[in-house]
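Coordinates in review
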Amino acid sequence: MRLLIVDDERPARERLRRMLAHEPGVTSVTEAADGVEALALVARDAPDALLLDIEMPELSGIDVAASLVAPAPLVVFVTAYDDYALRAFDAEAVDYLLKPFDGARLRRTLDRLQIRLQSRLTAATRAPALTCTPPRQLLVTERGATRIVQIADIEWLETADNYVALHTRDGAPLLRQSLGTLLGQLGPAFVRCHRCAAVRLTAVNRIVPHSKGDCTLVLHSGAVVPCSRQYRAALLDPLRPA
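Residues numbered from 1 in each chain as written. Predicted model: local features only at pLDDT ≥ 70, side-chain atom pairs only at ≥ 80, totals over all residues. Heavy atoms only, no water.

Regarding the sheet that holds strand S15 (residues 224–227)
- Spatially, 3 strands are ordered S13-S14-S15 in an open sheet, and the strand pairing comes out antiparallel. Edge strands, defined here as strands with exactly one partner in the open sheet, are strand S13 (204–209) and S15. This sheet shows a mean twist of 25° between the axes of neighbouring strands, independent of strand direction.
- In this structure, S13 lies alongside strand S14 (residues 215–219), joined through 5 bridges in antiparallel fashion. Looking across to S14, one finds that Arg 206 is bridged to Val 218. (Pairing = 2+ DSSP bridges. Helix = DSSP H or I, 4+ residues; strand = E, 2+ residues; numbered from the N terminus. Axes fitted to C-alpha atoms, helices over the stretch in contact; angles between N-to-C directions.)

This is the structure in structure tokens:
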């Protein structure tokens, strides 16, 4: 297993690394000192699992888990607090390691990770086209701070140079990513309606047709989104009653 330790306290990371050094099933261990660094390392290294602290500055471990993009690593929460167990269950964590723990308890966690990873491998072999679960939120860096944008709050998407504007009722923060890549992560809830735009299907209130096949989408919030003839059919198909 390739593991990523995420903890803002260096002694805690070093202790866990020493414990993992004695486990034969662990092939590599990397470290992150905060949630932002952790997400960057996940994107770069694609570890099998995160050993993730919960209480960290700026981004909590819960926020990190909710921001993972499929195919996401497995998550084990490692914390000194027992009052996050329910939220950890909601985040589909494999285990909840309560500090301090000994080698035997860590080994049981690693066994659970091995079983889950093997199940993933088997499922991927049998169903390689299985749809991945989209993230529940996106992280946007604004003036040195990190803003959390819930996917459920996004009404439509718009390209802006090298960014995508995430239009919500509270504004349109800019995410540095291409529209095509982002749509691949968000799944079928969003459909491209224009070369420069995509919309959440459930946000569409009415469609106003224009000449030459183009149209305008009016959202429930009152926002107006362009829809070109090229993308109109792909938009209308999922909106039609089954």
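Quick word on the packing of aromatic side chains
- Throughout the structure, instances matching the rule amount to 0 aromatic pairs.
- When the ring centre of Phe 101 is taken as origin, the NZ or CZ atom of Arg 15, which lies over that ring, is 5.3 Å away. (Phe/Tyr/Trp six-rings, centres within 6.5 Å; stacked < 30°, edge-to-face > 60°. Lys NZ or Arg CZ within 6 Å of the ring centre and 35° of its normal.)

Looking at helix H1 (residues 10–20)
- Among the residues of H1, those classed as buried are Arg 13, Leu 16, Met 19 and Leu 20. Axial view of H1: buried residues confined to an arc of 125°, hence all on one face. Structural note: H1 exposes Arg 10, Pro 11 and Arg 18 on the side pointing more than 90 degrees away from its buried face. (Buried < 20%, exposed > 50% of the residue type's maximum accessible area, 1.4 Å probe, protein only. Arc of directions from axis to C-beta.)

Quick word on the pattern of salt bridges
- Inspection of every chain in the model, using the stated rule, returns 11 salt bridges.
- One salt bridge in this structure joins Arg 107 and Glu 23, with 3.1 Å as the shortest N-O distance. Placement of Arg 107 in helix H5 (residues 103–126) and of Glu 23 in the loop between H1 and strand S2 (28–32) is noted, with a sequence separation of 84 residues between them.
- Look at Glu 23 and you get buried, because its relative accessible area is 9%.
- Between Arg 169 and Glu 155 there is a salt bridge; the shortest N-O distance is 3.5 Å. Remark: Glu 155 occurs in the loop between strand S7 (145–150) and strand S8 (156–160) and Arg 169 occurs in the loop between strand S9 (163–167) and strand S10 (174–175); sequence separation between them is 14 residues.
- Judged by its relative accessible area of 11%, Glu 155 is buried.
- Each member of the salt-bridge network shares a partner with another, and the members are Asp 7, Asp 53 and Lys 99. (Salt bridge = Lys/Arg side-chain N within 4 Å of Asp/Glu carboxyl O.)

Structural notes on the nonpolar core
- Counting 25 residues, the largest nonpolar core has Leu 4, Val 6, Leu 50, Leu 52, Leu 68 and Phe 77 as the members making the most contacts within it.
- Broken down by element, this core gets its largest block of residues, 4 residues, from helix H2 (residues 35–45).
- When residues no more than four places from it in sequence are discounted, the contact partners of Leu 4 are Thr 30, Glu 31, Ala 32, Ala 38, Leu 41, Val 42, Pro 47, Ala 49, Leu 50 and Leu 51.
- In terms of nonpolar packing, the next biggest core, distinct from the first, is built from 20 residues, Ile 5, Leu 20, Ala 49 and Leu 97 among them. (Core = buried A, V, L, I, M, F, W, Y, C linked by side-chain atoms within 4.5 Å. Contact = heavy atoms within 4.5 Å.)

Thoughts on the sheet that holds strand S1 (residues 2–6)
- The parallel open sheet is built from 5 strands, whose spatial order is S2-S1-S3-S4-S5. Only two strands of the sheet have a single partner each, and these edge strands are S2 and strand S5 (95–98). For this sheet the average axis-to-axis angle between neighbouring strands, irrespective of direction, equals 20°.
- Across 4 bridges, strand S4 (residues 74–79) lies against S5 in parallel orientation.

Quick look at unusual backbone geometry
- With an omega of -10°, the peptide bond between Lys 99 and Pro 100 qualifies as cis.
- Here Pro 100 shows up in the loop between S5 and H5.
- Located in the positive-phi region is Ala 46, a residue other than glycine, with phi close to 50°.
- Among the secondary structure elements, Ala 46 is positioned in the loop between H2 and strand S3 (49–52).
- Owing to a relative accessible area of 47%, Ala 46 belongs among the partly exposed residues under this scheme.

Quick notes on the pairing of S3
- Residues Ala 49 and Leu 51 of S3 are buried on one face, and the alternating residues Leu 50 and Leu 52, pointing to the opposite face, are buried as well.
- Sheet analysis places S1 next to S3, joined by 4 bridges and oriented parallel. Looking across to S3, one finds that Ile 5 is bridged to Leu 51.
- The sheet contact formed by S3 and S4 spans 4 bridges and is parallel. From the neighbouring strand, Leu 50 faces S4, where its bridge partner is Val 75.

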